[in-house]
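Fold and contact review
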Amino acid sequence: MKKSLIISIFVFLMTICSVNAFASASTHAEAAQVEQKEYQHKTMSQLFESFYATTGLKALLNPHEGVKDSHGKEMSLFAQSGGRVIMIIICFLLFYLAINKGFEPLLLIPIGFGGLLANIPIANIAAPDGMLGIIYNMGIANEFFPLLIFMGVGAMTDFGPLLANPKTALLGGASQFGIFGSLVGAVVLSQYVPGVDFSLQQAAAISIIGGADGPTSIFIASALAPELLGAIAVAAYSYMALVPVIQPPIMKALTTEAERKIKMGTTRKVSKLEKIIFPLVVLVLTLLILPDASPLIGALCFGNFAKESGVVERLSDTMQNALINIVTIFLGLGVGSKLASEQFLVAETMGIMVIGLIAFAAGTAAGVIMAKIMNKLSSKDNQINPLIGAAGVSAVPMAARVVSKEGQKSDPSNILLMHAMGPNVAGVIGSAVAAGVLLSIFK
């Protein structure tokens, strides 16, 4: 009896499923017939016209009102045509600087290629559900990629030069003047220049560009001015990559030939124990004094501690190579997605680029001037080459390499790289501290 009842129920359910499936198939068949009936045969010229209507060439040559960008906002005619052409040329310029001039290709090639993809019409690659949009949202908008970058930077950083000559930390601190100086500048511009209207939080987020620290810029912009995140990220990474172009003229203008030839003495050897303890001390001080900076400083200290401990070489190697390389690819493409013409070629972004450049130049100049002052106060046996002050910005190790190169132009036998690494790594900590201060002020 029970078996018969079960069999009957099973047959009943199968019958219902079959009817539903047949009905669904009939509906699809009817829809297909309707679509088939609606199709009209086209001549070869009509087929060519249909194809041409879907090409990027037509979109560039025939802009029209009502076209929306990847984020659903209406685009101007200029952004659809000439703006895209300008941005594509800029992207090719980035490739030229990366390949022919060797200006930080690890940054410029992904950023330039992301910008190239973002300016392809119709495809909407930078839309939230496009490839670039997904990359941007999964790691830049939520501040995740900057922390991973700081972890890798920590694993690659040797704090030995800073520990061997602690007074060079002053140069890293002096270079943060660009951040706070540009904060004041942005506020003044908003007060007196028509068309510029940055709030205090937005000005603070823009000013962090002066530290030449892309990850920190993204981190603080996400917290204080998320609406400006794309423009700030583009500006910060552009100036990081262009350190070899921006810094040398400032360094030469503020130093004499004799100062550039100053040779610095050999520093003491730093013990392994000092290197192990240092990141822990920095983290504890951050915990006690400036908890808002702990995400950045914590990631930096973890990477450095893993390296200096000497017992987790696999983890340290992964952070120094595989992890930071993968994140750099995603970060560059994500930042490049904001090079779309409708987002980049606007007054607000241009203002951010100008303020960021002034901030970066001011930070470089402040570091050099501080080094000149320290040199005047130093004994003849312990002189300081003012060039190393330029390395106080946190573009590590780019700024230190630029300092070394400029020093060798004046005297090929003058090796300043390790001396410049002291203020350079101090600048990394300094920019993270500055970000923490700004966050705590506006919290």
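As a starting point, this report considers the structure included with it. (Residues numbered from 1 in each chain as written. Predicted model: local features only at pLDDT ≥ 70, side-chain atom pairs only at ≥ 80, totals over all residues. Heavy atoms only, no water.)

Close contact between helix H15 (residues 243-254) and helix H21 (residues 347-377) brings their axes to 10 Å; oriented N to C, the two are set at 40°. The pairing of H15 with H21 is recorded here as oblique in orientation. Along this stretch, H15 crosses H21, giving a crossing that reads as right-handed. Mapping the contact onto sequence places Val243, Ile246, Gln247, Ile250, Met251 and Leu254 in H15 and Leu357, Phe360, Ala361, Thr364, Ala365, Val368, Ile369 and Lys372 in H21. When grouped by side-chain class, the residues that make up the contact of H15 with H21 number 11 nonpolar, two polar and one charged. (Axes fitted to C-alpha atoms, helices over the stretch in contact; angles between N-to-C directions. Helix = DSSP H or I, 4+ residues; strand = E, 2+ residues; numbered from the N terminus. Parallel < 35°, antiparallel > 145°, perpendicular 65-115°, else oblique. Left-handed = near helix turned anticlockwise from the far one by under 90°. Contact = heavy atoms within 4.5 Å. Nonpolar A, V, L, I, M, F, W, Y, C, P; charged D, E, K, R; others polar.)

Let's shift gears to helix H19 (residues 313-336). One turn of an α-helix holds 3.6 residues; hence residues three or four places apart share an orientation. The terminal C-alpha atoms of H19 lie 33 Å apart, and with 24 residues this matches the ideal 34 Å at 1.5 Å per residue to within 8%. Met319 marks the point of greatest bend in H19, at about 45°. All of the buried residues along H19 are Ser316, Met319, Ile324, Val327, Thr328, Leu331, Gly332, Leu333, Gly334, Val335 and Gly336. Contacts made by the buried residues of H19 are with helix H6 (105-118), helix H7 (131-139), helix H8 (144-156), helix H13 (214-224), helix H14 (229-241) and helix H18 (294-309). (Expected span 1.5 Å × (residues − 1). Bend = angle between axes of the 7 residues up to and from the residue. Buried < 20%, exposed > 50% of the residue type's maximum accessible area, 1.4 Å probe, protein only.)

Before going further, it helps to examine the nonpolar core. If you look at the biggest cluster of nonpolar residues, it comprises 118 residues, and the most contacted ones within it are Ile352 and Val403. Here Val403 is in contact with Met251, Leu387, Ile388, Ala390, Ala391, Leu416 and Ala420, once residues within four sequence places are set aside. (Core = buried A, V, L, I, M, F, W, Y, C linked by side-chain atoms within 4.5 Å.)

Right, let's talk about unusual backbone geometry for a bit. Cis rather than trans, the peptide bond between Val396 and Pro397 has omega equal to -5°. Mapped onto the elements, Pro397 comes out in the loop between H21 and helix H22 (398-410). In this structure, Ile122 is a non-glycine residue whose phi angle is positive, near 75°. Mapping Ile122 onto the fold places it in the loop between H6 and H7. Although it is not a glycine, Glu143 sits at a positive phi angle of roughly 70°. Locating Glu143 in the fold gives a position in the loop between H7 and H8.

Taken as a whole and judged by the stated rule, the model has four aromatic pairs. Taking 6.0 Å as the distance between ring centres and 70° as the angle between the ring planes, the aromatic pair formed by Phe92 and Phe95 counts as edge-to-face. You can see Phe92 and its partner Phe95 sitting in helix H5 (residues 82-99), three residues apart, about one turn around the helix. When the ring of Phe145 is compared with that of Phe330, the centres are 6.1 Å apart and the planes differ by 15°; the resulting orientation is stacked. With Phe145 in helix H8 and Phe330 in helix H19, this pair connects stretches of sequence that are 185 residues apart. According to the relative accessible area criterion, Phe145 is buried, its value standing at 4%. The class for Phe330 is partly exposed, based on a relative accessible area of 30%. (Phe/Tyr/Trp six-rings, centres within 6.5 Å; stacked < 30°, edge-to-face > 60°.)

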